Each structure stands twice: as C-alpha cells, then as structure tokens.
Amino acid sequence: MKMTMRYYGKEYDSVTLEQLRQIRYVEGLISTLYYKQAGEKWERGEIAALKKEITDAGLELSGIESVNIHDAIKIGTPERDMYIENYIETLENLGEEGIDLVCYNFMPVFDWTRSNLAKPRPDGSTVLAYDQKEIDKIDPEKIFENIDKMSNGFIMPGWEPERLSKIKELFEAYAAVDADKLFDNLVYFLNAIMPVCEKYGIKMAIHPDDPSWSVFGLPRIITGKEGLLKLINAVPSVYNGVTLCTGSLGSNPGNDLVDIIHALKGRIHFAHVRNIKHTGPGQFEEACHLSADGSYDMAAIVKALYETGFDGVIRPDHGRMLWGEKAMPGYGLYDRALGAAYLCGLWEMMVKD
C-alpha cells in the first residue's frame, strides 16, 4: 500500500508541503484543483502545475480527490451530456499527466453532513460529530449560516460558498429524484466515462455517502455492502471501483466493515481509514485512529485489506484538532500524522507476521 495525505493547496490549506514531507511514512499526496467548479473542464496545464508544485516538494501526486460531478449529471437533466463531455476531457488531461486515481461521490446537495464541527472530547481535543436529533431541528437552507465561525474561517470541501448560495434551488431540482433514478444516473455517467478510464488506466473510486443514510429527505445510494456490490455489478469494468471510507460506512453500525472489504476484493482502489465512536442511535463522533478510542477494530480492518491483496493508495482520514492548532476541521496536521504512523505500524505487522 502507499501512504498519502490529503492536501488542499497553498491557498487553502494550513498544512504546508514542507510539513507533509516530514511525515516519514507519507509517499504522496491526494489533492485537487480546489478553485474549479463542478462541471468545469480541467486544463492540462493546470494539472501539470499542481503536479509540479508537489513533486518540487519531494512528494508525488498520487491521486485526485475530487473531480466534482455537476448536479445536472446527478439529476439527469438534458444538459448532463455536456457536463459528462467536460468530465471526459478532464480525465483525458489527467491521464496525459500520469494521474490514475480519481475519488468522487454521488451525494445530492451535501457531500457530507455534521451537526458539530468542533465537539470537545474528554482529552481536550475537538472533533467532527453527528447527531440526527440536532439535524432534524435544522432548516437545511440555513444549515450554513454560521459556517465561517464553525469552520475556523476555512472553506471546506462540499461546503463551498458557490453551493451554499443555491441550496433552495438544488432542493427543488432534486425533488423528483428518488434512489432508483439517482442510481440509474450514476450508471449512465460511469458507462459514458469508462472508455477513457480504460484507455488511460484511471481508477474511479466512489466515496460512500456520509453519513450512510438519507439526510434532509435526499436519497442516498452508496451506504453499505448491497449498494456497493450493486454498482460494481452494474458497471463491471475493473476501473469502476470504490473508496473504502471506514468512517462513512462505519457511521451505520449495521455495516460490517471487514465483510465489506472481503466482498469488494480487487475493487477497492483507495482507502480512507479512520475511527469513529457511536454515542447513541443516529449519533457518532470522530475519534483518533487507535482502535481503543472508537467503535472499530482498526487492526482487523487493516488485516482485511492486507488479506484481500490491497496494494492501492491509503490515507488517514479526519483527525482530532490537537494542541491549539487552527486548521480546517478534520484536516489539521498533528492527529493525521499520528494516524499515518499508526496505520503504517499496523501494516508492517501484517507484512512481517
């Protein structure tokens, strides 16, 4: 496996390339052109500039997270073919630059949802947390009124101002989209892009819905083993694969993460590995990566990846905010660096056992 970290670029990220380079376990970075809007074509020169910025720092650009998908594709409007063509041209340009991994999601309106971005924990750190009872009290059109304060002033992926400004219109547009239609639109999109993925060897790795159930009445289709296998079978190309996000899938305690890993053998192209702690029905908070700190056995998860022959890109996911650090919630330096060390230690034990 190849250990990486997510990097948002010098204009958006509080964590520098110099700091990331000093995490000895990290070989590459997962990044994106954060300023690009969903549906825009990525030019080859822009991709090359991002790649050069990272390689000049002594690391490699190991994959893209994300090339965001326009809502016209998810909803299935007549304009979707135009946006799919832009996506295909973006993939061609990524392929020409040697990029062979793209993580993406197909969640309507909100890429991910939390009710608290800085919940205090007993150790004094703060974490992202979710409480369905709190979400049920919120008008979704007003969920981001205090976003600047909640996010430490950082723009967060999936919560960009451009999207927040049109929440009402998005809800209206998705009103006629149920789970079946959303799934059909996903398959339509994947069938359209698979030829270019196969040409360049680009692995598309869908990110599970977060949390793994319907939020604000919007459909969710990538929530567990059944949905994942349904998608793999609908588009059987090996380049149609999965991002195994243990936190997103683990938000539903009914998901057996080890079983899912074995069921998806050969189709997990990317892994986000983190721990969460269930605190009640529809409630969870993020934890440090250590098994004892959360609800999941991280050694068993890493062992399952090893046993199924996983040799792809992995990264520690959301971490606690530690030691007074001010950063994008979930994406500070310290706890993610600790997580990378812990996961590499678990992997080394699997290799040497």
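First, a word on scope: everything that follows refers to the structure included in this document. Not measured: the values here are computed from a predicted model.

1. Things to note about helix α2 (residues 44–55)
1) Next: For α2, built from twelve residues, the straight-helix expectation of 16 Å at 1.5 Å per residue is met to within 8% by its first-to-last C-alpha distance of 16 Å.
2) Next: All of the buried residues in α2 are I47, L50 and I54. The arc that holds the buried residues of α2, viewed along the axis, is 65°, so those residues lie on one side. Every exposed residue of α2 that faces more than 90 degrees away from the buried side is listed here: G45 and K52.
3) Next: Looking at the buried positions of α2, the neighbouring elements they touch are α1 (17–21), β2 (28–31), β3 (60–65) and α4 (80–96).

2. Overview of the pairing of strand β10 (residues 276–280)
Moving residue by residue along a regular strand, the side chains alternate between the two faces of the sheet.
1) Next: Summarising the sheet, β10 and strand β11 (residues 283–286) pair through four bridges and their orientation is antiparallel. Bridge pairing in β11 links H278 to F284.
2) Next: The antiparallel pairing of β10 with β11 creates a hairpin that spans two residues between the two strands, and G282 there sits at a positive phi of about 70°.

3. Thoughts on the packing of α4 against helix α9 (residues 179–200)
1) Next: At a minimum axis distance of 10 Å, the contact between α4 and α9 shows a crossing angle of 25°. What the angle tells us is that α4 and α9 run roughly parallel. Handedness of the crossing formed by α4 with α9: right-handed. Residues R80, D81, I84, Y87, I88, L91, E92, G95 and E96 of α4 touch α9, and the partners they reach there are N185, Y188, F189, A192, I193, V196, C197 and Y200.
2) Next: Looking at the contact of α4 with α9 residue by residue, the classes come out as eleven nonpolar, two polar and four charged.

4. Observations concerning the environment of Y296
1) Next: Along the chain, Y296 falls in the loop between β11 and α13 (298–307).
2) Next: Here Y296 falls in the buried class, since its relative accessible area comes to 12%.
3) Next: It is 7.2 Å that separates the C-alpha atoms of Y296 and I276, two residues lying 20 residues apart in sequence.
4) Next: A distance of 3.2 Å separates the side chain of Y296 from the side chain of H278, its partner in a polar contact.

Conventions used here
Residues numbered from 1 in each chain as written. Predicted model: local features only at pLDDT ≥ 70, side-chain atom pairs only at ≥ 80, totals over all residues. Heavy atoms only, no water. Helix = DSSP H or I, 4+ residues; strand = E, 2+ residues; numbered from the N terminus. Expected span 1.5 Å × (residues − 1). Buried < 20%, exposed > 50% of the residue type's maximum accessible area, 1.4 Å probe, protein only. Arc of directions from axis to C-beta. Contact = heavy atoms within 4.5 Å. Pairing = 2+ DSSP bridges. Axes fitted to C-alpha atoms, helices over the stretch in contact; angles between N-to-C directions. Parallel < 35°, antiparallel > 145°, perpendicular 65-115°, else oblique. Left-handed = near helix turned anticlockwise from the far one by under 90°. Nonpolar A, V, L, I, M, F, W, Y, C, P; charged D, E, K, R; others polar. Polar contact = N/O pair within 3.5 Å; in protein donor to acceptor, adjacent residues only side chain to side chain.

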